[in-house]
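Below are the chains, spelled out letter by letter.
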Amino acid sequence: MRQKTLDVLEFDKIKATIQNETISELGALKVKAMKPSTDFDEVVHQMEETDEISQIYNKRRMPSLSGLSKISDYVKRATIGSVLNVKELNAIKRVIQVQNQFKTFYNQMVEEDEKIVYPILNEQIEQLPVLTDLYQTIHQTCDESDLFDDASPTLHSIRSKISTTNHRIRQQLDKIVKSQSNQKKLSDAIVTVRNDRNVIPVKAEYRQDFNGIVHDQSASGQTLYIEPSSVVEMNNQISRLRSEEDTERARILTELTTLVATDSEGCLSAESIMGHIDFLTAKARYARSIKGTKPTFTTNRDIYLPKAFHPLLDAETVVSNTIEFEPDIETVIITGPNTGGKTVTLKTLGLIIIMAQSGLLIPTLDGSKLGVFDHVFCDIGDEQSIEQSLSTFSSHMKTIVNILDEANQNSLILFDELGAGTDPTEGATLAMSILDYVHEIGSLVMATTHYPELKAYSYNREGVMNASVEFDVNTLSPTYKLLMGVPGRSNAFEISKRLGLKLQIINHAKSMVGHDEKEINAMIESLERNTKRVDEQKIELDALIREAETMHKELDQTYTAYQNYEKRLMEQAKEKANQRVKEATKEADTILKELRQMRDKKGVDVKEHELIDKKKRLENQYEADSLKANVKKKKWDKIKAGDEVKVLSYGQKGEVLELLDDDEAVVQMGIIKMKLPLNDLEKKEKQKEKPSKMVTRHNRTSVKMELDLRGYRYEDALIELDQYLDQAVLSNYENVYIIHGKGTGALQKGVQKHLKRHKSIASFRSGVPSEGGFGVTVAELK
């Protein structure tokens with residue numbers, strides 16, 4: 001893309017706004033380097049990754065990237081043997097901390113919802129290195145300004161000695177300054193420091209009364225700062241310890257720098273990926289501010305921008321317009337009054353294409369389509385130059401010449417007031433000739449003009465469409481509405497009438513207008529009305545189609561999930577059935593063994609083959625194909641609504657809700673209603689409920705029948721579960737619902753394992769689809 005095009009369309013202002021949304025210098029540098037790509041695959045990739053981050057940003061609270069900074073210079077210095085200081089090591093530590101927080105956030109998000117798929121971001125997260133050891137070493141060795149005392153045993157010992165010696169020096173000097181005999185000899189009764197040595201301020205006339213070294217004097221010379229000889233050796237000891245401390249500090253920093261050099265590739269990778277995520281997050285923030293949407297890119301030169309608006313204009317007052325090049329249209333000519341919005345329309349189209357090819361979501365409704373263009377050329381604005389003696393016409397023509405030299409079939413050209421600045425007749429013919437030439441090249445063109453000759457141009461050329469900006473004759477002001485497919489019409493008579501021009505003059509002027517031109521104006525007026533209606537219907541239709549596609553996709557996913565759930569449910573049921581058969585077989589073996597022992601000891605006449613046959617019949621039940629049992633009905637009592645029955649094929653109790661006819665009934669089995677044949681039902685005697693002892697509790701808050709453990713840590717979840725079960729027992733509940741979510745399944749396993757050994761639980765099972773499926777466990781209380 002030409003830099004001149006980016007400047008004319010004010011792309012730098014878009015970049016500046018996005019740059020303000022970045023957190024780090026890394027993100028800001030990437031925004032500064034951002035420019036539109038012309039490679040189709042790269043454009044699609046950039047848009048997809050921006051859309052992924054935007055989805056996350058709009059749905060969730062993303063972790064802060066505060067602390068992210070540029071560390072590549074520090075890492076490179078570490079690799080060539082330089083020693084990093086504490087500040088530089090902390091910058092590296094913070095980058096590692098930021099990447100770890102973001103990685104944790106992403107992994108938790110994916111665990112919470114397995115349906116989430118962000119392939120591009122996922123690939124970047126997987127590339128983040130594991131630098132936990134380096135982070136912990138730096139974190140445990142130094143704070144923001146210096147090494148910890150316990151960074152090494154040697155450093156701890158040295159600093160302890162320095163502290164002890166300093167304390168002794170202070171005690172010695174305190175005795176001197178607090179002595180009554182020295183009060184008049186000292187300028188102030190304090191201990192201070194000069195040249196890293198502890199000194200006392202002595203009046204100059206009493207210098208001879210203090211043995212020691214003079215390190216400084218006041219500006220007036222009246223005060224001398226003397227280090228008493230009694231503490232000289234101790235101060236010398238501190239100097240030696242400080243030197244040892246510096247040596248030990250350098251050794252520790254060298255070790256830390258070596259660790260950084262060892263993990264240099266990982267550090268650079270973390271900086272690069274997290275800087276890119278900061279860049280993408282800034283794009284997402286900007287997209288949210290303009291309510292940007294993702295366009296669909298095509299290999300054709302499509303342009304369809306429903307309700308597009310210029311992102312730099314005030315969002316409260318800007319007028320949105322649908323800009324579209326139909327499949328067989330290559331040139332759009334916009335006519336209309338001055339200040340009607342023609343130039344803004346050109347800039348909106350050009351800027352949106354540049355934004356899209358830079359990986360930015362665009363200010364339109366959903367459903368936009370765009371091709372990927374090699375060039376966007378602009379001839380917008382007046383560039384006349386006094387120094388170069390160029391008129392308005394000359395400056396426009398110079399720009400147009402350069403455009404025509406570079407344009408190709410995959411270019412978009414935006415002409416503002418094509419042919420203006422010269423004789424109207426010559427300008428109009430020149431404009432039509434230029435449009436013909438560009439049409440031969442095959443470029444897409446949008447041009448604005450005042451020339452009436454160009455209105456008829458589209459009717460004589462294939463691939464050319466008229467458009468106009470609307471003018472409200474009632475308010476005598478433009479509406480800034482773009483009407484595709486409709487040329488601008490003259491409003492001179494209506495405007496003159498509104499301004500008070502005499503009807504006699506207006507009628508006389510109308511009489512001089514040709515009949516054909518009157519019909520054309522009437523036709524244009526009708527086209528304007530129809531175009532508005534069709535545009536609105538098209539946008540509404542597109543929205544309905546997208547909604548239907550989304551609904552179909554969701555239904556398809558739900559049906560697939562249901563099939564998978566049904567399959568898992570059947571597998572679980574078979575597994576339980578098989579387990580029961582195994583237990584029964586084991587019990588049969590035990591019985592056989594006991595019978596044989598009885599036969600051997602007591603002489604009971606039991607034939608071996610009969611025992612084996614009976615065991616074989618039990619084993620044949622293993623892995624039954626259906627959970628339904630083929631049980632014959634024994635009782636033929638008349639069944640009516642309200643009866644308690646046994647459903648023979650399922651072996652479950654139920655209640656008859658309704659008799660449909662002589663052959664079928666609606667039966668409630670637990671939470672499931674089923675339509676079953678009457679010959680599958682056997683009437684049962686209703687059991688009288690035993691009166692239960694009621695315990696009345698006062699001043700107690702109500703306990704829900706469900707407990708939501710989603711978001712809890714494992715240990716906290718089990719504590720919360722215990723407390724809830726105690727409350728549920730006191731509330732005389734029979735069943736409770738434990739909501740743990742699906743996730744990785746770890747919390748579900750933990751909950752069910754805990755329920756299995758809980759004293760108040762009689763049994764439990766996974767929820768059915770209507771109860772939440774595998775995300776819920778239903779527990780029956782004793």
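As a convention, each chain's residues are numbered from 1 in the sequence order in which they are written. With the structure being a predicted model, the display of local features is reserved for residues of pLDDT at least 70 and the display and counting of side-chain atom pairs for 80 or more, all residues being used for whole-chain, interface and lining totals. Side-chain metrics rest on all non-hydrogen atoms present in the structure, leaving aside hydrogens and water.

Caption draft 1: Highlighting empty space enclosed by the protein. Cavity and pocket criteria rest on a 1 Å grid covering protein atoms alone: a 1.4 Å probe that fits but cannot get out defines a cavity, protein on both sides within 12 Å along at least 5 of 7 lines defines an open pocket, and an atom within 4 Å of a point defines a lining residue. Grid points are joined across faces, edges and corners, and a volume is the space filled by probe spheres set on the points. All told, the structure shown has one cavity of 30 Å³ or more when counted by the stated rule. Of the pockets and cavities examined, the largest cavity occupies roughly 40 Å³. Helix numbers and strand numbers start at the N terminus; a helix is a DSSP run of H or I with at least 4 residues, a strand a run of E with at least 2. It is helix H13 (residues 392-406) that provides the largest number of residues to the lining of the largest cavity, a total of four residues. Residue polarity is assigned by list, with Asp, Glu, Lys and Arg as charged and Ala, Val, Leu, Ile, Met, Phe, Trp, Tyr, Cys and Pro as nonpolar; anything else, Gly included, falls into the polar class. Here the residues of the lining of the largest cavity are counted per class, giving five nonpolar, two polar and three charged.

Caption draft 2: Representation of the pattern of salt bridges within the structure. Note on definitions: salt bridges are taken to be side-chain nitrogens of Lys or Arg within 4 Å of carboxyl oxygens of Asp or Glu. The tally for this structure, following the rule as stated, stands at 25 salt bridges. For the salt bridge of Glu144 with Arg94, the shortest nitrogen-to-oxygen distance reads 3.1 Å. Taken together, the residues span a long stretch of sequence, with Glu144 in the loop between helix H8 (132-141) and helix H9 (153-178) and Arg94 in helix H6 (residues 86-112) at a distance of 50 residues. Relative accessible area decides the class of each residue, using a 1.4 Å probe on protein chains only: under 20% of the type maximum gives buried, over 50% gives exposed, and in between gives partly exposed. For Arg94, a relative accessible area of 27% gives the class partly exposed. Residue Arg249 is joined to Asp146 by a salt bridge in which the shortest nitrogen-to-oxygen separation is 3.5 Å. Placement of Arg249 in helix H10 (residues 229-262) and of Asp146 in the loop between H8 and H9 is noted, with a sequence separation of 103 residues between them.

Caption draft 3: Examining the packing of helix H4 (residues 40-59) against helix H11 (residues 264-289) more closely. Angles run from 0 to 180 degrees between N-to-C directions of axes, and those axes are lines fitted to C-alpha atoms, restricted for helices to the stretch in contact. Relative orientation of the contacting elements H4 and H11 amounts to 70 degrees, with a least axis distance of 8 Å. By the angle class used here, H4 and H11 are roughly perpendicular. Crossing handedness for the pair H4 and H11: right-handed. Along its contact with H4, which presents Glu49, Thr50, Ile53, Ser54, Tyr57 and Asn58, the element H11 presents His276, Leu280, Thr281, Lys283, Ala284, Arg285, Ala287 and Arg288. Across the contact of H4 with H11, the residue classes break down as five nonpolar, five polar and four charged. An angle below 35 degrees is read as roughly parallel, one above 145 as roughly antiparallel, one from 65 to 115 as roughly perpendicular, and any other as oblique. Working rule for handedness: look at the near helix, and if it is turned counterclockwise from the far one by less than a right angle, call the crossing left-handed; if clockwise, right-handed. Residues are treated as being in contact if the distance between any of their heavy atoms lies within 4.5 Å.

Caption draft 4: Main features of the nonpolar core. As used in this record, nonpolar core signifies buried Ala, Val, Leu, Ile, Met, Phe, Trp, Tyr and Cys residues forming a set joined through side-chain atoms within 4.5 Å. If you look at the biggest cluster of nonpolar residues, it comprises 94 residues, and the most contacted ones within it are Ile303 and Leu349. Each of domain 1 (3-150 + 250-290) and domain 2 (296-489) contributes no fewer than three residues to this core. For Ile303, the contacting residues outside a window of four places in its chain are Ile323, Glu324, Phe325, Leu349, Ile353, Lys369, Leu370, Phe373, Leu412 and Leu444. Core analysis: the second largest hydrophobic core is formed by 21 residues, Ile403, Leu404, Ala407 and Ala431 among them. Domain ranges listed in this record stem from an automatic or a database domain assignment.

Caption draft 5: Examining the sheet that holds strand S23 (residues 776-781) more closely. Judged by pairing direction, the sheet is mixed, and its four strands sit side by side in the order S20-S21-S23-S22 without closing on themselves. For this open sheet the edge positions go to strand S20 (706-708) and strand S22 (761-766), each flanked by a neighbour on one side alone. Taken over all neighbouring pairs, the strand axes of this sheet differ in orientation by 20 degrees on average, direction set aside. Two elements, S20 and strand S21 (residues 735-739), share three bridges in a ladder whose sense is parallel. Two strands are counted as paired when DSSP detects at least two bridges linking them.

Caption draft 6: Spotlight on the side chain of Lys93. In this fold, Lys93 is placed in helix H6. Buried and unpaired, Lys93 has Glu144 as its nearest opposite-charge partner, separated by 4.3 Å. In contact with Lys93, not counting residues within four places along its chain, are Tyr135, Ile138, His139 and Glu144. A residue counts as positive if it is Lys or Arg and as negative if it is Asp or Glu; His and the chain ends are not included.

Caption draft 7: View of the UniProt feature "binding site: ATP" (unreviewed entry) in the protein. UniProt positions are given in the numbering used here, feature names are shortened, and annotations may be inferred rather than shown by experiment. The feature "binding site: ATP" (unreviewed entry), as given by UniProt, occupies Gly336, Pro337, Asn338, Thr339, Gly340, Gly341, Lys342 and Thr343 in the numbering adopted here. Counting through the fold element by element, Lys342 comes out in helix H12 (residues 342-357). Excluding residues that lie within four positions of it along the chain, Lys342 makes contacts with Ile334, Thr335, Gly336, Pro337, Glu417, Thr448, Thr449, His450 and Val469.

Caption draft 8: Geometry of unusual backbone geometry. Phi at Asp196 is positive, roughly 65 degrees, even though this residue is not glycine. Here Asp196 is to be found in the loop between strand S1 (192-194) and strand S2 (197-203). When its relative accessible area of 72% is taken as the criterion, Asp196 is described as exposed. Phi is positive for Glu417, which is not a glycine, with a value near 55 degrees. Note that Glu417 resides in the loop between strand S11 (411-415) and helix H14 (424-441).

Caption draft 9: Geometry of the sheet that holds S1. Reading across from one edge, S1-S2-S4-S3 is the order of the four strands in this open sheet, with antiparallel pairing throughout. Two strands lie at the open edges of the sheet, namely S1 and strand S3 (212-217), each paired on one side alone. If you compare each strand with its neighbour and ignore which way they point, the axes differ by 50 degrees on average. With four bridges joining them, S2 and strand S4 (residues 223-228) adopt antiparallel strand pairing.

Caption draft 10: How the structure looks around the packing of aromatic side chains. Classification of ring pairs uses Phe, Tyr and Trp, with its six-membered ring standing for Trp, and accepts pairs whose centres are within 6.5 Å; under 30 degrees between planes counts as stacked, over 60 as edge-to-face, and the remaining range as tilted. Considering all chains together, one arrives at one aromatic pair under this definition. Measuring from centroid to centroid gives 5.8 Å for Phe102 and Phe105, while their planes differ by 55 degrees, and the two rings are tilted. Of this pair, Phe102 and Phe105 both sit in helix H6, three residues apart, which is roughly one turn of that helix. For Phe102, a relative accessible area of 1% gives the class buried. Since its relative accessible area comes to 13%, Phe105 is described here as buried. Sitting over the face of the ring of Tyr225, Arg194 holds its NZ or CZ atom 4.1 Å from the ring centroid. Placement of a charge over a ring requires the Lys NZ or Arg CZ to be within 6 Å of the ring centre, with the centre-to-atom vector within 35 degrees of the ring normal.

Caption draft 11: Spatial organisation of H9. Residue count minus one, scaled by 1.5 Å, sets the expected span of a helix. If you check H9, its first and last C-alpha atoms are 37 Å apart, about what 26 residues at 1.5 Å a residue would give, namely 38 Å. Among the residues making up H9, those that are buried are Leu155, Ile158, Arg159, Ile162, Thr165, Ile169, Leu173, Ile176 and Val177. Next to the buried residues of H9 lie S2, S4 and H10.

Caption draft 12: Geometry of the pairing of S3. Where S3 and S4 come together, five bridges link them in antiparallel fashion. Bridge assignment links Gly212 to a residue of S4, and that residue is Pro228. Between S3 and S4, which pair antiparallel and follow one another directly, the connecting turn spans five residues, one of which, Gly221, has a positive phi of 80 degrees.

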